[in-house]
Amino acid sequence: MGEAEFLFLLTGLKWTVLLSLVGFAGGGICGLAVALMRSSGIAPLERGTAGYIALFQGTPLLMQLFVVYYGLALVGLKLDAWVAVAIGFTLHASAYLGEIWRGSIEAVPRGQTEAAKALSLHYVARMKDVILPQAIRISLPATIGFLVQLIKGTSLAAIVGFTELTRAGNIVSNQTFKPLLVFGVVGILYFLLCWPLSLYGAHLERRMAVAAR
Amino acid sequence: MSDAAATGAAPADAMIVMSHVEKWYGDFQALTDINLAVRKGEKIVLCGPSGSGKSTLIRCINRLEDYQKGEIRVGGTRLGDDARTIDAVRREVGMVFQHFNLFPHMSVLRNCMLAPMRSLGASRAEAEATARALLERVRIHEQAEKYPAQLSGGQQQRVAIARALCMKPKVMLFDEPTSALDPEMVKEVLDTMIGLAEEGMTMICVTHEMGFARQVADRVIFMAGGAIVEEAPPQDFFSNPRHERTRKFLGEILHQP
């Protein structure tokens, strides 16, 4: 495996990083909306988001990407591969993050909401200043765990034509006939991407634990 | 069958008027025909066995609990279902909880500054000046930069009182403010409450601290089974309780045989 092949893998890594960032951003924003609706106390919103979460947690990501890219094309909605993948990952990640954060919001003691209400803090301030900062701390291990999963899950974008890291590894491996070496390198690149995230999560957890104690 | 029926016509200087308030949890009736008028500057102590509806009653006043019948007015505002009146009432009514409910991720100072900045639109400097002054008043200003968990229970409860006072409320509600404290910390919190009472704050306190009731209460109200059974000035209430249930309760709480 020469320099050219390695650079090709790095190009794949670039796509993996970009896909992950799209998933994080889309999943984070929509996931927060899902979590807030799911814990809103407004029955139709809670039921709607519960169904959404059940649907996207209950079906494989691969199938979701298939449906968004090929399925919608069949009914006449031809999406750009980027758009399709962005939608697919956002739907997937927002269902998982929404559920993780819903649980964390509900894990914040009731007295916090009551104290905030008694101080006449309205909904936005109550959430932004009182509940969410505590919920984020509670949710940190699960959130980081899911984001790491999501990075690895971006390999599925290969099915709609992205030459991301895993697909790049596949191509190089087929050219060089050195699968062990190539996928060894691919594995190391994934690890170098995921491990700092886990470390950062652990660091954040420690820092927030100090602040709260 | 409430002694409070006399409050049917509320006095002109009434801060809080509850008339015929009823509340159910499903089939269980938590409050039965509550009639209560609290004048400006008046101090009320609410007592009664656990489950008698004392906490539920005061939590209706700032709408932490809803109720199915009757009417509550706070300073002339009729508490409704809409966010506007609920918000208006909550700005006038401070509350102190049994378990303090300080925000654990903020410093003591930030705890006190948050609501004035967010709900009253105070500037950071104004909010900080108010917070520091009130923390000084509850004699805890040197701890302003600490986090709640670094303080003792008694200190946390005094911070909670200061936090409520930062909103410049007209009425303070205390929901068993000393019940979660170690015995040696009860006094510092009661002293703070007595100080507040002496300055003329309108107060409703759910508490079993009968010494406090004797010292500051204008009226002691005894509740049982979700209804007001008896209300009287403390000297009458303790020396000459009229109802059997009140006598029994006082016997138990004052550890008389």
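Thresholds applied
Residues numbered from 1 in each chain as written. Chains lettered and ligands numbered in written order. Predicted model: local features only at pLDDT ≥ 70, side-chain atom pairs only at ≥ 80, totals over all residues. Heavy atoms only, no water. UniProt positions renumbered as here; feature names shortened; annotations may be inferred. Helix = DSSP H or I, 4+ residues; strand = E, 2+ residues; numbered from the N terminus. Buried < 20%, exposed > 50% of the residue type's maximum accessible area, 1.4 Å probe, protein only. Pairing = 2+ DSSP bridges. Axes fitted to C-alpha atoms, helices over the stretch in contact; angles between N-to-C directions. Contact = heavy atoms within 4.5 Å. Buried area = accessible area lost by both parts, 1.4 Å probe. Salt bridge = Lys/Arg side-chain N within 4 Å of Asp/Glu carboxyl O. Polar contact = N/O pair within 3.5 Å; in protein donor to acceptor, adjacent residues only side chain to side chain. Nonpolar A, V, L, I, M, F, W, Y, C, P; charged D, E, K, R; others polar. 1 Å grid on protein atoms, 1.4 Å probe; cavity = no way out; pocket = protein on both sides within 12 Å on 5 of 7 lines; lining within 4 Å. Points joined across faces, edges and corners; volume = space filled by probe spheres on them.

- The name that an unreviewed UniProt entry assigns to chain A is Amino acid ABC transporter permease, with the source organism given as Bosea minatitlanensis.
- Recorded in UniProt under Sequence similarities (unreviewed entry), the annotation for chain A is "Belongs to the binding-protein-dependent transport system permease family. HisMQ subfamily."

**Some remarks on the environment of glutamate 198 of chain B**
Residues and elements named next belong to chain B.
Part 1: The topology assignment puts glutamate 198 in helix α6 (residues 183-198).
Part 2: Glutamate 198 sits in the exposed class, given a relative accessible area of 65%.
Part 3: Note: C-alpha distance between glutamate 198 and serine 119 (79 residues apart in sequence) is 28 Å.

**Re the sheet that holds strand β5 (residues 77-78) of chain B**
Part 1: The strand order β2-β1-β4-β5 (chain B) describes an open sheet built from four strands, whose pairing is antiparallel. The open sheet terminates on both sides in strands that have one partner only, identified here as β2 (28-39) and β5 of chain B.

**Considering the sheet that holds strand β10 (residues 227-232) of chain B**
Residues and elements named next belong to chain B.
Part 1: The sheet built from six strands is open, its strands ordered β6-β7-β8-β3-β9-β10 with mixed pairing. A strand with exactly one partner marks an edge of an open sheet, and here the two such strands are β6 (93-96) and β10. Averaged over all adjacent pairs, the angle separating strand axes in this sheet is 20°, with direction ignored.
Part 2: As paired elements, strand β7 (residues 171-175) and strand β8 (residues 202-206) share five bridges and run parallel to each other. When the sheet's bridge partners are listed, methionine 172 is paired in β8 with methionine 203.
Part 3: Contacts from helix α2 (residues 83-92) reach β6 and β7, with the element oriented near 65° to β6.

**Brief notes about the interface of chain B and chain A**
Part 1: Each partner contributes to the interface: chain B provides 25 residues, whereas chain A provides 21 residues.
Part 2: Carbon and sulfur atoms supply 59% of the area buried between chain B and chain A, which totals about 1,900 Å² over both sides.
Part 3: At the boundary of chain B and chain A, one finds two salt bridges.
Part 4: At the boundary of chain B with chain A, the tally comes to seven residue pairs in polar contact (both at pLDDT 80 or more).
Part 5: Within the residue set of the side of chain B that touches chain A, elements represented by two or more residues are α2, β6, α3 (108-119) and α5 (153-165) of chain B.
Part 6: In terms of residue count, the dominant contributor to the side of chain B that touches chain A is α3 of chain B (four residues).
Part 7: For the side of chain B that touches chain A, a count of residues per class yields 14 nonpolar, five polar and six charged.

**So, empty space enclosed by the protein**
Part 1: The final tally for this structure, using the stated rule, is two cavities of 30 Å³ or more.
Part 2: By volume, the largest cavity is sized at about 40 Å³.
Part 3: Contributing to the lining of the largest cavity are Ala115, Ala118 and Leu119 of chain A together with Met95, Phe97, Ala160, Arg163 and Ala164 of chain B.
Part 4: Going through the elements one at a time, α5 (110-118) of chain A together with α5 of chain B are the ones with two or more residues in the lining of the largest cavity.
Part 5: With three residues, the single largest contributor to the lining of the largest cavity is α5 of chain B.

**Looking at the environment of arginine 245 of chain B**
Residue and element names in this part refer to chain B.
Part 1: With respect to the element layout, arginine 245 can be found in helix α9 (residues 244-253).
Part 2: Residues arginine 245 and alanine 224 lie 21 residues apart in sequence; the distance between their C-alpha atoms is 8.0 Å.
Part 3: Beyond its immediate chain neighbours, meaning those up to four positions away, arginine 245 contacts Phe222, Ala224 and Gly225.

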